[in-house]
Amino acid sequence: MSPSFAIKCLDCGHTTSYFPTSTSCPRCNSQWREAEYDYESALKIWGEQISSRPFDLWRYRELLPVRNPQPSLSLGEGGTPLIQAVNLGMMLGCPNIYIKDERQGPTTSFKDRQAAVTIAALKEAGITEMVAASTGNVAIAYSAYAARAGIKLWAFVTSLVPAVKMREIALYGSQVIKVTGSYDQTKQVAAEFASQRGLYQDMGARTITSVEAMKTIAYEISEQLAALLGPLPQSGRPLTWKAPDWYVQAISGGMGPIGIAKGFRELKLMGLIDRIPAIAPIQAEGCAPMVEAWKNGLESAIPIASPRTHIETLATGDPGRAYKLLKKQVDEFGGTFESVSDEEAFRAMHVIAKMEGISMEPAAGVAFAGLFKLIRQGVIKPTDTVVVNCSGHTMPAEQFILGENWARSVVLPSRAKEETPQEGLLAALNQVAPDRFPRIAIVDDSPEARRLIRRILQSQGNFTIYEATDGKQAIDVITRELPDLVVLDLMMPEIDGFGVIEAMKTNQETANIPVIVSTAKELTSEEKSRLEGQIQTLLQKGDFMNDEFLEEVRSLLK
Ligand SMILES: *Cc1c(COP(=O)(O)O)cnc(C)c1O
Ligand SMILES: [Zn+2]
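Below: a short report on this structure. (Residues numbered from 1 in each chain as written. Chains lettered and ligands numbered in written order. Predicted model: local features only at pLDDT ≥ 70, side-chain atom pairs only at ≥ 80, totals over all residues. Heavy atoms only, no water.)

## Quick look at the coordination of the zinc ion (ligand 2)
Reference values for angles at a metal are 109.5 degrees in the four-donor tetrahedral case and 90 or 180 degrees in the six-donor octahedral case. The condition that has to hold: Each metal site lists N, O and S donors within 2.8 Å (3.2 Å for Na, K and Ca). With water left out of the atoms, a site can look as if it is missing ligands. Just to be clear on the cut-offs, tetrahedral is four donors with all angles between 85 and 135 degrees, square planar is four donors and octahedral six with opposite donors over 155 degrees apart and all others between 65 and 115, and anything else goes down as irregular. Classification of residues uses two cut-offs on accessible area relative to the type maximum, computed with a 1.4 Å probe and protein chains only: under 20% is buried, over 50% is exposed, and between them is partly exposed.
Ligation of the zinc ion (ligand 2) by protein atoms is provided by Cys 9 (SG), Cys 12 (SG), Cys 25 (SG) and Cys 28 (SG), these donors lying 2.3 to 2.4 Å from the ion. With four donor atoms in place around the zinc ion (ligand 2) and angles of 103 to 116° between them, the coordination shape is tetrahedral. For Cys 12, a relative accessible area of 29% corresponds to the partly exposed category. The class for Cys 28 is partly exposed, based on a relative accessible area of 34%.

Here it is as structure tokens:
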């Protein structure tokens, strides 16, 4: 049994008890309300019990608006891993990047939390039928949990939602209603349907259970960071958790960060963390009313009537009051709003898949593209600890990311025509050998630097890469393999980069191979003039993440 909680009106402060179908303040009619708990009792219970509870969302049940959570309704929600993005961190020069891997929830997005808590509350209240409007993931998550709870779901989705997602909703037994129109219009149709039939309706960021469910992401991150970074908790000592410096998430209606920010504020209030992280809500450029409003210093966002983004998950054109709540959070506790193009999001998805082995959906790609941008702008600092929310799967979007030439084909000769099938097979396999990829030699005495450059190159295409650890080896490799490009460090013991260039120039076969020089230090004017006319590009180390490097590589390989 949870300690008591109450629902407080954000406008008039009036407090009532919670019942899912009462969706507005009885005194002033406002629909914007927040759950409040007995934090002192909760802290006491957590101190005694939390370390022995399973790592899932119900671990925090004292601060959730469900009186008696039923294990039989659970699908294992929450408790997702926090994964350090080691390669990405190295590439961006920002080593403390963590991925909150919500893909590992029951339906692969953080909407699982919302569905788990809301359906549990509805079940507890005896409700058997509900309506939700969705850009896809909400309806999928609600459908799974509704199926389990025996609740009938009417799912209103925009016709832009990919067919694979619609089928998944239908598979769980929900009624899918496709609305040809914007997401904001779809919400209106759903609301009309719900009020005509007197059905419970999900109210997005105004749904108490949904906002409360999102909080658990903040709780988990703080516990996980403490375990990863801090001294181990000792029995008898008060709990201490650790908040990141930044929380980055792609937003549509903004419910995620609203709930997560509340979670961090609660932990601070309880003394479990010592600061509240800055938040970075990221929108798709074609539908970025909150970013526009924030950059122009507006108090409310101007709705976008026709969103222009392929990322339908993020197509809320009218954020309503959610913008004010997020702006207040950013004004008080730090953060920023940013937008990225669909192309930047797709590129980010590809980079993370290749570097970290994590395949995400385009909406999460928006969050990562936002992260890249904020690091490049210097808004997120190299020493900051950053957590990025990751959801979904790339599947529906893979064709846009990879284009057509992503595989090599082996066509086996038919047995009838070929006398010796074995030979035919070998001939076919020879065509698969990767010796037609552009060939690049990386010369650097630091293994970290070689690994970094290799990673960056491999994240963007297929290359055959040779490595050399000093000048002598470099000359051997270059004369033997005749690569298409050399990426060369200048400062190496014995034969340095200047020596390698000189040796290349004296050999007719290697004299014209393009060279990109990477250097950690400012060059003297004498050194610069030694390089004049000898190399194609001079880059400072640390500049490698700039698109400039990859553009140079591409243009030199043409
Ligand atoms: C729902 C969703 C969003 C948008 O989240 P809000 O907090 O509702 O704005 C972003 N990314 C993914 C993967 C989502 O499913
Ligand atoms: Zn009120």
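## Considering the site of ligand 1
Note the following rule: A cutoff of 4 Å decides nearness: a residue is near a molecule or strand if any of its heavy atoms lies inside that distance of it. Within 3.5 Å is the distance limit for a polar contact, defined as a pair of N or O atoms, with the added protein rule that one can donate a hydrogen and the other accept it, and that residues adjacent in sequence qualify only through two side-chain atoms. Every helix listed is a DSSP run of H or I at least four residues long, and every strand listed is a run of E at least two residues long, numbered separately from the N terminus. Under the scheme applied here, ten amino acids are nonpolar (Ala, Val, Leu, Ile, Met, Phe, Trp, Tyr, Cys and Pro), four are charged (Asp, Glu, Lys and Arg), and all others, including Gly, are polar.
Around ligand 1, a shell composed of 17 residues is seen, among which Lys 111, Asn 137, Ser 252, Gly 254 and Gly 256 lie nearest. The side chain of Gln 249 places a nitrogen or oxygen atom 3.1 Å from an oxygen atom of ligand 1. Take Met 255: an N or O atom from its main chain is 3.3 Å from an oxygen atom of ligand 1. Sort the elements by how many residues they give to the shell around ligand 1 and helix α8 (residues 255-269) lands first, with three residues. Across the shell around ligand 1, the residue classes tally to seven nonpolar, eight polar and two charged.

## Focus on the packing of aromatic side chains
Our working rule: Only centres within 6.5 Å qualify two rings of Phe, Tyr or Trp (six-membered ring in Trp) as a pair; their planes then separate them into stacked at under 30 degrees, edge-to-face at over 60, and tilted for everything else.
Throughout the structure, instances matching the rule amount to 12 aromatic pairs. Taking 5.6 Å as the distance between ring centres and 75° as the angle between the ring planes, the aromatic pair formed by Trp 46 and Tyr 219 counts as edge-to-face. Of the two residues, Trp 46 is situated in helix α1 (residues 39-49) and Tyr 219 in helix α7 (residues 208-229); the sequence distance between them amounts to 173 residues. By the burial criterion, Trp 46 is buried, and Tyr 219 matches it. Between Tyr 60 and Trp 241, the ring centres sit 6.4 Å apart and the planes meet at 75°, which makes this aromatic pair edge-to-face. Of this pair, Tyr 60 sits in the loop between α1 and β4 (82-84) while Trp 241 is found in the loop between α7 and β10 (246-250), placing the two residues 181 residues apart along the sequence.

## Structural notes on the layout of surface pockets
Stated precisely, the cut-off is as follows: With a 1 Å grid spanning the protein atoms alone, the term cavity applies to any set of points in which a 1.4 Å probe fits but cannot get out, the term pocket to an open set with protein on both sides within 12 Å along at least five of seven lines, and the term lining residue to any residue with an atom within 4 Å of a point. Grid points are joined across faces, edges and corners, and a volume is the space filled by probe spheres set on the points.
Taken as a whole, the largest pocket spans an internal volume of roughly 900 Å³. Listed by contribution, the elements that provide at least two residues to the lining of the largest pocket are α3 (111-124), α4 (137-149), α6 (183-197), β10, α8, α12 (362-376) and β13 (386-390). At six residues, α6 tops the list of elements feeding residues into the lining of the largest pocket. Class assignment for the residues of the lining of the largest pocket results in 19 nonpolar, 18 polar and eight charged.

## A word on the pairing of strand β3 (residues 33-37)
Put simply, the rule is: Any two strands between which DSSP finds at least two bridges are classified as paired.
Only one face of β3 is buried: it carries Arg 33, Ala 35 and Tyr 37, and the other face, with Glu 34 and Glu 36, is open. Direction of pairing for strand β1 (residues 5-9) relative to β3: antiparallel, over a ladder of five bridges. Note that in β3 the partner of Phe 5 across the bridge is Tyr 37.

## Focus: the sheet that holds strand β9 (residues 200-201)
The criterion, for reference: Contacts are assigned to residue pairs with any non-hydrogen atoms lying within 4.5 Å of each other. Between N-to-C directions, angles cover 0 to 180 degrees, with each direction set by a line fitted to C-alpha atoms, over the stretch in contact for helices.
Here we have four strands laid out as an open sheet, ordered β8-β7-β6-β9, and parallel in their pairing. Each end of this open sheet is capped by a strand with a single partner; those strands are β8 (175-179) and β9. Strand direction decides the pairing type here: strand β7 (residues 152-158) and β8, joined by five bridges, are parallel. In the sheet register, Phe 156 faces β8, and the bridge partner there is Ile 177. The strands touched by α6 are β6 (129-134), β7, β8 and β9; relative to β7, the strand with the most contacts, the crossing angle is about 150°.

## Things to note about the state of the cysteines
Put simply, the rule is: To count as a disulfide, a pair of cysteine sulfur atoms needs to be within 2.5 Å.
In total, this model carries zero disulfides according to the counting rule given. In this structure Cys 390 is a free cysteine whose sulfur lies 17 Å from that of Cys 94, the closest cysteine sulfur available. According to the relative accessible area criterion, Cys 390 is buried, its value standing at 0%.

## Quick look at empty space enclosed by the protein
By the definition in use, this model includes three cavities of 30 Å³ or more. Of the voids in this model, the largest cavity is the one considered here, and its volume is about 80 Å³. Around the largest cavity sit Tyr 18, Phe 19, Pro 20, Ser 22, Thr 23, Arg 33, Tyr 200, Met 203, Arg 206, Thr 207, Ile 208 and Thr 209, which together line it. Classifying every residue of the lining of the largest cavity gives six nonpolar, four polar and two charged. By volume, the second largest cavity amounts to about 40 Å³. Together, Trp 58, Pro 69, Gln 70, Leu 73, Ser 74, Glu 77, Ala 116, Ala 120 and Tyr 145 line the second largest cavity. Classifying every residue of the lining of the second largest cavity by side-chain character gives six nonpolar, two polar and one charged.

## Focus on the sheet that holds strand β14 (residues 439-443)
Taken together, five strands build an open sheet; the order of strands is β15-β14-β16-β17-β18 and the sheet is parallel. Edge positions in the sheet fall to β15 (464-468) and β18 (537-540), since each of these pairs with one other strand and no more. Here the average twist between neighbouring strands, direction ignored, is 20°. Summarising the sheet, strand β16 (residues 485-489) and strand β17 (residues 515-519) pair through four bridges and their orientation is parallel. Within β17, the position partnered with Val 486 by the bridge is Val 515. Of the strands in this sheet, β14, β15 and β16 are in contact with helix α15 (residues 447-460), which crosses β15 at around 170°. Here helix α17 (residues 497-506) sits on the sheet and contacts β16 and β17; the angle it forms with β16, its principal contact strand, is near 150°.

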